[in-house]
Amino acid sequence: MSVQMENLDRGLAAVCTSEGIFISWRLLGHEVTGASDHGLTGADFRLYRNGLLVAEIGDSTNYLDKVGTRESAYSVAVVMDGKEQEWCAEIRPWEAPYLEIPLQKPADGVTPVGQSYTYSANDMSVGDVDGDGEYEYFVKWDPSNSKDVSHVGYTGNVFLDCYKQNGTLLYRIDLGVNIRAGAHYTQFLVYDFDGDGKAELMFKTAPGTRVIRYQDGAPISETFITLLPEDVEAGCSHDDDYRMSSANYAEHVADMFQGWHKHEEVMEGRWPATLEECFGISTQYDYPLSREDAVHLADYFLDVYAPGRSERNKLRQFEGFILKGPEYLSVFHGETGEELKTLRYKPGRHDDGLMWGDYSWNRIEPGNRVDRFLAGVAYLDGCKPYALFARGYYTRATMAAYSWDGQELKEIWFTDSGWVTMNNPFRDTLHLQDGRNPRFGGLAKQGAHSLSTADVDGDGCQEIVYGSATIDQDGSILYSSGGILPEGSADPGEYAKLGHGDALHVAVIDPDRAGLQIYMVHEAGIHGPYGYTLRDAATGEVLYGAFAKEDVGRGMIGKVDPEVPGLQTWCSESHLAHEPSRGLRSAKGERLDEKAPGTNMSIKWAADMTSQFISGTFDESVTIEDWKRGRLLTAEGTRSNNGTKGNPCLVADLFGDWREELVVRTTDSKAIRIYMSTEVTDRKLYTLMHDPQYRTGVAWQNVVYNQPCYTSFYLGTDMNWGKVPVPDLLLRTEF
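Residues numbered from 1 in each chain as written. Predicted model: local features only at pLDDT ≥ 70, side-chain atom pairs only at ≥ 80, totals over all residues. Heavy atoms only, no water.

## A word on the overall build of the chain
1) Next: Check the secondary structure of the chain and you find six helices and 50 strands.
2) Next: Relative to the globule expectation of 27 Å for 735 residues, the C-alpha radius of gyration of the chain, 26 Å, shows essentially globular dimensions.
3) Next: Residue pairs in contact within the chain that sit at least 24 positions apart in sequence constitute 60% of those at least 6 positions apart.
4) Next: Working note: accessible area of the chain is about 26800 Å², and carbon and sulfur atoms make up 46% of it.
5) Next: Averaging the locations of the 68 positively and 110 negatively charged side chains of the chain gives two centres separated by 3 Å. (Helix = DSSP H or I, 4+ residues; strand = E, 2+ residues; numbered from the N terminus. Rg over C-alpha atoms; globule rule 2.2 N^0.38 Å. Contact = heavy atoms within 4.5 Å. Areas by Shrake-Rupley, 256 points an atom, 1.4 Å probe, with all protein chains shown as cover. Lys, Arg positive; Asp, Glu negative; His and termini not counted. Charge placed at Lys NZ, Arg CZ, Asp CG, Glu CD.)

## Focus on the pairing of strand β2 (residues 13-17)
1) Next: Where β2 meets strand β3 (residues 20-24), five bridges bridge the pair, whose relative direction is antiparallel. Residue pairing in the sheet places V15 in a bridge with F22 of β3.
2) Next: Taken together, β2 and the strand that follows it, β3, pair antiparallel across an intervening segment of two residues. (Pairing = 2+ DSSP bridges.)

## Description of the pattern of salt bridges
1) Next: Scanning the entire structure with this criterion turns up 46 salt bridges.
2) Next: Between E230 and R344 there is a salt bridge, with its nearest N and O atoms 3.0 Å apart. Taken together, the residues span a long stretch of sequence, with E230 in helix α1 (residues 229-233) and R344 in strand β23 (residues 339-344) at a distance of 114 residues.
3) Next: Its relative accessible area of 44% is what places E230 among the partly exposed residues.
4) Next: Owing to a relative accessible area of 33%, R344 belongs among the partly exposed residues under this scheme.
5) Next: With a closest N to O distance of 2.7 Å, D241 and R243 form a salt bridge.
6) Next: Under the relative-accessibility criterion, D241 is labelled partly exposed at 40%.
7) Next: You can call R243 buried: its relative accessible area is 15%.
8) Next: Shared partners join several salt bridges into a network, and the residues in it are K204, E327, R349, D371 and R391. (Salt bridge = Lys/Arg side-chain N within 4 Å of Asp/Glu carboxyl O. Buried < 20%, exposed > 50% of the residue type's maximum accessible area, 1.4 Å probe, protein only.)

## Digging into the packing of aromatic side chains
The geometry of an aromatic ring pair is captured by the separation of the ring centres together with the interplanar angle, meaning the angle of the planes.
1) Next: Applying the stated criterion across every chain, the model contains 31 aromatic pairs.
2) Next: Each ring, one from Y48 and one from W87, has its centre 3.9 Å from the other, and the planes form 25°; the classification is stacked. Remark: W87 occurs in strand β10 (residues 83-87) and Y48 occurs in strand β6 (residues 44-49); sequence separation between them is 39 residues.
3) Next: By relative accessible area, W87 is classed as partly exposed at 35%.
4) Next: Taken together, the ring pairs in this structure connect F257, W260, W271, F279, Y300, F301, Y305, Y359 and F426 into an aromatic cluster.
5) Next: One cation-aromatic arrangement involves R172 over F159; the distance from NZ or CZ to the ring centre is 5.6 Å.
6) Next: The aromatic ring of Y705 is capped on one face by K645, whose charged end is 4.3 Å from the ring centroid. (Phe/Tyr/Trp six-rings, centres within 6.5 Å; stacked < 30°, edge-to-face > 60°. Lys NZ or Arg CZ within 6 Å of the ring centre and 35° of its normal.)

## Considerations on helix α2 (residues 246-258)
1) Next: Here α2 contains 13 residues, and its C-alpha end-to-end distance of 19 Å stays within 8% of the 18 Å for a straight helix at 1.5 Å per residue.
2) Next: Every buried residue of α2 is listed here: Y249, A250, H252, V253, A254, M256 and F257.
3) Next: Where α2 is buried, its residues meet α4 (275-279) and α5 (291-309). (Expected span 1.5 Å × (residues − 1).)

## Focus on the UniProt feature "domain: Rhamnogalacturonan lyase family 11 C-terminal" (unreviewed entry) in the chain
1) Next: In the numbering used here, UniProt assigns the feature "domain: Rhamnogalacturonan lyase family 11 C-terminal" (unreviewed entry) to residues 98-210 and 314-721.
2) Next: Secondary structure over residues 98-210 splits into 0% helix and 41% strand, and the C-alpha atoms at its two ends are 33 Å apart. (UniProt positions renumbered as here; feature names shortened; annotations may be inferred.)

## Some details on the UniProt feature "domain: Rhamnogalacturonan I lyase beta-sheet" (unreviewed entry) in the chain
1) Next: UniProt's feature table lists "domain: Rhamnogalacturonan I lyase beta-sheet" (unreviewed entry) at residues 4-94, given in the numbering used throughout.
2) Next: Taken as a whole, residues 4-94 contains 0% helix and 52% strand, while its terminal C-alpha atoms sit 32 Å from one another.

## Overview of the sheet that holds strand β26 (residues 398-404)
1) Next: The four strands lie next to each other as β24-β25-β26-β27, forming an open sheet whose pairing is antiparallel. Strands with a single pairing partner mark the edges of an open sheet, and in this sheet they are β24 (373-378) and β27 (409-416). Sheet twist, expressed as the average angle between the axes of neighbouring strands with direction ignored, equals 20°.
2) Next: In terms of strand pairing, β26 meets β27 through seven bridges, oriented antiparallel. By the bridge assignment for β27, M399 is matched with T415. (Axes fitted to C-alpha atoms, helices over the stretch in contact; angles between N-to-C directions.)

## Some details on the packing of α2 against α5
1) Next: It is at 8 Å that the axes of α2 and α5 come closest, and there the two elements cross at 120°. With respect to each other, α2 and α5 are oriented oblique. Crossing hand, α2 versus α5: right-handed. Listed contacts from α5 to Y249, A250, E251, V253, A254, D255, F257 and Q258 of α2 are R291, A294, V295, L297, A298, F301 and L302.
2) Next: Across the contact of α2 with α5, the residue classes tally to 11 nonpolar, one polar and three charged. (Parallel < 35°, antiparallel > 145°, perpendicular 65-115°, else oblique. Left-handed = near helix turned anticlockwise from the far one by under 90°. Nonpolar A, V, L, I, M, F, W, Y, C, P; charged D, E, K, R; others polar.)

## With respect to the nonpolar core
Where a protein is soluble and globular, its nonpolar side chains tend to be buried together.
1) Next: Formed by 98 residues in total, the largest nonpolar core has its most connected members in L654, F655 and L685.
2) Next: Filtering out sequence-adjacent residues up to four positions away, L654 remains in contact with R26, V126, Y135, Y137, E661, V663 and I674.
3) Next: Of all hydrophobic cores here, the second largest spans 80 residues; its members include L380, W419, L443 and V703. (Core = buried A, V, L, I, M, F, W, Y, C linked by side-chain atoms within 4.5 Å.)

## Concerning the environment of T666
1) Next: Within the fold, T666 resides in strand β48 (residues 661-666).
2) Next: Residue T666 is classed as buried on the basis of its relative accessible area of 6%.
3) Next: The contacts of T666, once residues within four sequence positions are left out, are E100, G637, T638, A671 and R673.
4) Next: Side-chain polar atoms of T666 contact the side chain of D668, separated by 2.8 Å. (Polar contact = N/O pair within 3.5 Å; in protein donor to acceptor, adjacent residues only side chain to side chain.)

## A short note on the sheet that holds strand β7 (residues 52-57)
1) Next: Taken in spatial order, the four strands line up as β7-β6-β9-β10 in an open sheet, and their pairing is antiparallel. Only two strands of the sheet have a single partner each, and these edge strands are β7 and β10. For this sheet, the mean angle separating the axes of adjacent strands, direction not counted, is 30°.
2) Next: Relative to strand β9 (residues 74-80), β6 is paired through six bridges, and the arrangement is antiparallel. Considered in β9, the bridge of F45 is made with V78.

## Quick word on the environment of G357
1) Next: Along the polypeptide, G357 turns up in the loop between β23 and β24.
2) Next: Separated by 32 residues in sequence, G357 and F389 have C-alpha atoms that sit 21 Å apart.

## Some words on the environment of R291
1) Next: Its location among the elements puts R291 in helix α5.
2) Next: Among all residues touching R291, those that are not within four sequence positions of it are E251, A254, D255 and Q258.

## Remarks on the side chain of D561
1) Next: Checked against the element boundaries, D561 lands in the loop between β38 (555-558) and β39 (568-571).
2) Next: Look at D561 and you get buried, because its relative accessible area is 14%.
3) Next: At 3.0 Å, the side chain of D561 forms a polar contact with the backbone nitrogen of E563.

## Quick notes on unusual backbone geometry
1) Next: The omega torsion of the bond from Y287 to P288 falls at 0°, within 30 degrees of zero and hence cis.
2) Next: Relative to the assigned elements, P288 resides in the loop between α4 and α5.
3) Next: Across the junction of K346 and P347, the peptide omega takes the value -5°, indicating a cis bond.
4) Next: For P347, the location among the structural elements is in the loop between β23 and β24.
5) Next: One non-glycine residue, D216, lies in positive phi territory at about 55°.

Next comes the structure, spelled out in structure tokens:
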């Protein structure tokens, strides 16, 4: 079955080094015919400098030209079956040890309460929007007041820019005041969904979202997205501002309380009939509540009940949140930014988080669990890419799959765990594990701060690893993982789901096993069976793991010790219950070292196919570290994103050989810099962007807590080249 993929160019790039000019290029997936003991076979290459043959290369896709200079011009020709084909376009070495793409930074702003904010370049993605085989770069601009709903306050607008590699800004999309800025709210997908050879852009929008087109660095037009007819009829406009002030929120609570007797859960008898019973106080009011009584109860909730649950419940300071208003899903033309289609986002928020559990915990966080979004791309039929958009993972969890054929955005399936039933939305004591949907209820409470798309069961179609559960390609639940609570837990001997976690990795970790494995950390603490797990991706079976009394916040995998078979795994250690559970572990679960590398982000940088790790948080320069060799790169004058997460803007195989490039912003966000490894490698592998699991991983890397993407095959120093799949690609060659 042929897989629709990008028709990329040769990706030729050159960098000046102390030893000469390092040149690197792509082996494309459709040029591979088989494997040898040291790499893939098929296309060989001839490297030309200034029109003269420099070398014939058959065992790699890079070369060190020791006599080349900064002024040298290079080209590569493919040799298939002994016949030389057309040369690629000539390039010259980069002027610096990196490629720098200038950016147009948005102007500073001021919130409705007078707080100023600035912008910095944040998450990125790539796609070929014009079909020339070269990637364009999508940059999300994050305001300095970007924050979770769990943190009070207004945020500035989010912007998405599309740049050519030469720095030309094609367009900017202003998401508007009705999309909050933060890691959980703007998951943008860049992919060629309709197979025309040009990528589209898809993400969640709202009234006020507008496209600004540029020419020669200046804006030339501005167009708002299309509001749905029923919203226009209801009086909605692009001037609407649904952000709440603290007074708005107090009024909102009074409205909710005044309508308590009509709430669906109250009418079904699942919730108490009176708010006094919910709060554990004596009944004082008659129902339906009068406005005066509803305000009195709202005051009690805001000033007495909520602070009594947690000193952090300062709901009188609640402001800047978006709890109402239309929510859309829009697809845009990748090259022009033109809006192509807008639908209602599914599912809608339903309420301010009451039924999602936002009021039921000690820390009350209205609008928090309801506004947790994920997105991704998956080859659900094994051939075409489909867009995935999700909502919720702490309690109710949902996902919708869409196809885009260039004309229609069509829902393929919708998976919904259903509500997790509570007996009191303000202090639930049922703590049920499943949602009410009999088919999909197992998905509830299992989501992570990211997802992964991979063919976990070997049927040729990709599934969605939704944290501790996996959704099959048809939207059904393939499995939902759990375990028996151990000694030291809240309820030893009882079954519990693995639950939510902050880091998720899907790869061939143990090449001795069939298929893929999942490494994930979990934050359930004493209420969950494990703090981290390695699972079989096809079945969800736990292969190894350890109990933790509190949240295990970070976890990572990689080939850090070339002498140990398979990849290694590790996680943040402070809350693991037993000392032997900590440190670096092998793919079999054996403890290798009491220490371990960092957990921010990995990168495939080295010539020998070991893994490296990206460090640098807040005001530190971004670095690449090797577990054995130490620091390999210091990217002076650059910064990472997302605070302690220390994420680069992007890690992906953007050009050159199979290794990944590091994309980071400059300190002032006036440019992004792309760093390429210049270690000469004798490993010959096609571009990772022609592996469907890896390519879809690049598409979802910007989702919430950025995670590395992995190939569908084992990649490491000890790889078996005969097990690398020869791609069967469907490439659009006429544009």
